[in-house]
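Notes for the structure review
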Amino acid sequence: MSSLVNKGELKQRNGQIASYLIIGAVVIAVMMVFGILMLLAQGGMLNLSAANFYQFLTIHGTGMIGAAAFAAAGVMWYFLRDYVQLSKKIFTWNLVLFLIGVVMVIIGVFSFEYASSWTFLYPLPALSANAWGTVGALLYLVGMLVLGVGFLLLYIDTGRAIIKKYGSLGKGLGWDVISGKKAEKDAPPPTVVASTMVTIVNVTALTAGATVLIMNIINVVNPAFTFDPLLAKNLTYAFGHIFANSIIYMGVIVVYEILPRYTNRPWKSNRIFLIAWTMSTTFTLLIYTHHMLMDSVMPKWMLIMGQALSYANGLPVLVITAYGALMIVYKSGIKWDMASGLAFISMFGWTVGVVPAIVDATIVVNHVMHNTKWVPGHFHMYMGLGAVAMLFAFMYYLAKVDSNLETTILDKIALIVYTLAIISVSGQFLVSGAISTPRRWATHFPEWMGPALFGGIAGVFMFLATVIFIVHFISYIQVRGTSTGSDFDDKKVA
Amino acid sequence: MIKKWRSNSLLSGLILFGVLLIPFIRQFLESVMVLHMLVQLPLLVLVGWLIGITITRNFQSHFDSWNSNGIPGTLLFVMITMYWMIPRTLDEALSIWYIELFKYVSLPVIGLLLYDSWKKLQSIGKSFIYLNYLSMFGLMAWLYIDSPIQICNNYLAAEQKILGWGLLGITAFMVLYLVQAVFTDQTEEAI
Amino acid sequence: MIQTVAWIVSLIFMLFITIVFGVVVLKSKEKRDYDPIKKKWYKARSFYGTTLVVFFLVITIYTLRELPYNQPVYGEGKDPTIVDVEALQFGWNFSETEFKVGEPIEFHVTSADVNHGFGIYDEDRNLLAQTQAMPEYTNKVYVTFDEPGTYDILCLEYCGLAHHLMIQSIEVTE
């Protein structure tokens, strides 16, 4: 890949990628602290005022999704630039807008006590029962809008670049290969397919998100303008569900790119692979209604569709992506290290995380599990053990190919600790859900406290492991570009 | 040939402007809310666009000096059009003479700026503006259809609803256009 | 109880996935040609994929037979008690709070301000049923209590700083 760019330019570009990842990782670590504090408060160990708890809740959800999406966009950009011509200016702009948006959100939440949780369900931003004022709400909502603008620009750019190279987004998904017009050997590579999918779903999500954010802003400024709360809920969850989901679809690119290098086995797009990704694209756009299964005023067909398509959305990952990862590793003689280990664990996290999600998407189950801690149980597994592990895998990979930095036994311990800790955190959420503990509750009844306390303690270990990952990455940044041999050496990882 | 076409555009712009100024036409278009926002206002922008074809040509350096990448002009266009999407402004245009005057001046001016900016804008900027208007029109449609109260003094609640459906139609059309644009083959254009 | 079934089913499948990933890791050190592996496991995948699709279809159809949205069929002369519930920051307005065992009840739930959640908990703090309480809309929950006792209504959608204090008791007697 490096034949087109000289080494200096590559170094500069990797610098920006590193900025994306370090910002993302540090924000994720800080958000873990808020998560730990919340669990300890629920576990009865810590006395936290309700106002503080819900501020932490708001910043934890917003910050985790924002930071993980941001870092994942960095991962996607790093690999996608080998196939299409991306705009560096836009990449920088997204970073600038991200930082502005984050600062606004932080000021809104902590200085102006804004605590609507990330869902900002209309009309909560305007009707806080005097907990926060107009300024806090506007800082948060406008901050989110600024974040959204940055991401939207980024995805417009990836869309433009993919269309320029491949002709259309349909061809980026390999539809001409599916229909048989083009041979499988000419199919777009997995990175391009995944990026196309993410471009399609996130442009949709961000447009819906902008609409509902501006709507809330209008309502906060002038409460005389009212809107339909059910439509607002639909748009909010369409935005939130799709955007949060896109993180793992960006993150998986690192798995597609590095496992073949570690195993010396190809991972190419074939027809079934492409069909799976087209399915993922469609379903990801449609299944947000599984967040609204307890709104019986919704058209029934939409809710039934929510269940059926949520089941179907498990198929591409269970049958194609995870299976592919297993096949490529099976009897490959792979040399395990931090990057390959985390990449493989992330596929495990994604796959097990799908299970409680599908269970909860069943309407009769959702009737007694919706908005219990079962839901965070599912997505902590899916995001913490899946998506975020992908980000860490990439960080170790980048450090490996772009410097001479070696990993130590400490990193390996951190990997094991991280894995066990996030399984514990997710597990305690699932147990809490199974005993009907509601999510987003500042305090718990005594019978609900045990799992939360356990989770808080496990969270501390997870945080420590994450700090070790970050320290390694910072060490890499300091010695960046010291890699001997060619600047992108496949032999080095093999 | 091109020159002739250019002067024609100036002429047709001025004629259109004149037609829109005719009291009878003006009153007719403003009497119905949906005609006011979705016919009169866009036509006033079109006046500026047509005139702009000639004007920007003759004063290109002047325009380039402050609007070289098209972003300042576009921002002004976005701000003015957003102002005219606020429900109250249409109302005020009917009752306050200087708001009406502002309408007849501001919209042709931004039409002109749009012509100058659009050709300079990069494709990312164009796509962004397009998506911005898509969500704005969707939001306005939602506001007008859903509003339980009569927002304007001069127009009835039923008229607000019709306007809302009109805006929703535009949004739907924009979505369809977008979908066909990204899913049909663009390779020929790229070459 | 549904929660227990969901928990056990999830555990079984998660355990199975863990075993599969574990076995692959244990076998990863061995080195074999990829082509025969691909051939063998692609074939296995066709079988596994088909099984999974069929399994999902069966489960979907099975679980969609009876939905909580459907009004139950009431016996002759057994009209349901309709209870109007209005949620507000931060409390509940019930049109009545005392019920009999075996009495079919319809909770018609709405909200005066923001989104709330209406969750019915039994004395052991198990969630029995829920719906969303939304402004401008009325969601219905159909319940018949089998056991006497005090049941609690908890708010299940984040609605502001006193969200966790929104608890209302209802009495069910023989």
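Just so it is clear, the structure is predicted and the values come from calculations on it, not from any experiment.

With 23 residues of chain B at the interface, the matching set in chain A holds 32 residues. Both sides together, the interface formed by chain B and chain A hides about 2300 Å², and carbon and sulfur atoms give 79% of it. Of all residues in chain B, Ile 124, Trp 142 and Phe 183 of chain B bury the most surface against chain A, accounting for 30% of the area lost on that side. Here chain B is connected to chain A by one salt bridge. Put simply, Lys 171 of chain A and Asp 185 of chain B hold a salt bridge, and the shortest N to O gap is 2.0 Å. Applying the counting criterion to the chain B and chain A interface returns three residue pairs in polar contact (both at pLDDT 80 or more). Top contributing element to the side of chain B that touches chain A by residue count: helix H8 (residues 123-146) of chain B, with twelve residues.

Before going further, it helps to examine the UniProt feature "domain: Cytochrome oxidase subunit II copper A binding" (unreviewed entry) in chain C. UniProt tags residues 78-174 of chain C as "domain: Cytochrome oxidase subunit II copper A binding" (unreviewed entry). A distance of 17 Å separates the end C-alpha atoms of residues 78-174 of chain C, which is 0% helix and 58% strand.

As a further point, take a nonpolar patch on the surface. Residue and element names in this part refer to chain B. There is a patch of nonpolar side chains on the surface, built from Leu 11, Ile 15, Val 19, Ile 22, Phe 24 and Phe 28 and spanning about 590 Å² of accessible area. Taken together, the elements giving at least two residues each to the nonpolar patch come down to helix H1 (2-21) and helix H2 (23-31). Following the sequence through the fold, Phe 28 ends up in helix H2.

Tallying the contact residues gives 73 residues for chain C and 90 residues for chain A. Between chain C and chain A lies a buried interface of about 7400 Å² when both sides are counted; carbon and sulfur atoms form 69% of it. For the pair chain C and chain A, the number of links is 40 residue pairs in polar contact (both at pLDDT 80 or more). Looking at the side of chain C that touches chain A, the elements that each hand over two or more residues are helix H1 (2-26), helix H2 (34-63), strand S6 (127-133), strand S7 (139-144) and strand S8 (149-155) of chain C. The leading source of residues in the side of chain C that touches chain A is H2 of chain C, at 15 residues. Its residues assigned to classes, the side of chain C that touches chain A shows 40 nonpolar, 19 polar and 14 charged.

With that out of the way, let us pick up the packing of aromatic side chains. Summed over all chains, the structure comprises 64 aromatic pairs over all chains. With a centroid separation of 5.8 Å and an interplanar angle of 80°, the aromatic rings of Tyr 330 of chain A and Trp 41 of chain C are classed as edge-to-face. You can see Tyr 330 of chain A sitting in the loop between helix H10 (300-329) and helix H11 (338-360) and its partner Trp 41 of chain C sitting in helix H2, one on each of two chains. Here the aromatic residues Tyr 20, Phe 70, Trp 77, Phe 91, Phe 98, Phe 151, Tyr 155, Phe 239 and Phe 243 of chain A are joined through ring pairs into a cluster of three or more. Over the aromatic face of Tyr 62 of chain C sits the side chain of Arg 65 of chain C, whose NZ or CZ is 4.3 Å from the ring centroid. The ring of Phe 445 of chain A has Arg 125 of chain C sitting right over it, with the charged end atom 3.6 Å from the ring centre.

Attention shifts here to the UniProt feature "transmembrane region" (unreviewed entry) in chain C. Residues and elements named next belong to chain C. Summarizing the sequence annotation, UniProt attributes the feature "transmembrane region" (unreviewed entry) to residues 6-26 and 47-64 in the numbering used throughout. Within the segment residues 6-26, helix and strand shares are 100% and 0% respectively, and the terminal C-alpha atoms sit 30 Å apart. The distance from the first to the last C-alpha atom of residues 47-64 is 26 Å, and the span holds 94% helix and 0% strand.

All right, on to the environment of Ile 96 of chain B then. In this fold, Ile 96 of chain B is placed in the loop between helix H6 (87-95) and helix H7 (97-120). C-alpha separation for the pair Ile 96 of chain B and Phe 63 of chain B, spaced 33 residues apart in sequence, amounts to 32 Å.

A few words on the UniProt feature "transmembrane region" (unreviewed entry) in chain B. As recorded in UniProt, the sites labelled "transmembrane region" (unreviewed entry) are residues 9-29, 35-54, 66-84, 96-115, 127-145 and 165-183 of chain B. Annotation note: span residues 66-84 of chain B, helix share 79%, strand share 0%, distance between end C-alpha atoms 24 Å.

Residues and elements named next belong to chain C. Taking strand neighbours across the sheet as the criterion, the five strands line up as S3-S9-S8-S5-S6 in an open arrangement whose pairing is mixed. Edge positions in the sheet fall to strand S3 (98-100) and S6, since each has one partner strand and no second. For this sheet, the mean angle separating the axes of adjacent strands, direction not counted, is 25°.

Parameters at a glance
Residues numbered from 1 in each chain as written. Chains lettered and ligands numbered in written order. Predicted model: local features only at pLDDT ≥ 70, side-chain atom pairs only at ≥ 80, totals over all residues. Heavy atoms only, no water. Contact = heavy atoms within 4.5 Å. Buried area = accessible area lost by both parts, 1.4 Å probe. Salt bridge = Lys/Arg side-chain N within 4 Å of Asp/Glu carboxyl O. Polar contact = N/O pair within 3.5 Å; in protein donor to acceptor, adjacent residues only side chain to side chain. Helix = DSSP H or I, 4+ residues; strand = E, 2+ residues; numbered from the N terminus. UniProt positions renumbered as here; feature names shortened; annotations may be inferred. Patch = residues over 30% accessible without salt bridge, like charges linked within 9 Å, V, L, I, M, F, W, Y side chains within 5 Å. Areas by Shrake-Rupley, 256 points an atom, 1.4 Å probe, with all protein chains shown as cover. Nonpolar A, V, L, I, M, F, W, Y, C, P; charged D, E, K, R; others polar. Phe/Tyr/Trp six-rings, centres within 6.5 Å; stacked < 30°, edge-to-face > 60°. Lys NZ or Arg CZ within 6 Å of the ring centre and 35° of its normal. Pairing = 2+ DSSP bridges. Axes fitted to C-alpha atoms, helices over the stretch in contact; angles between N-to-C directions.

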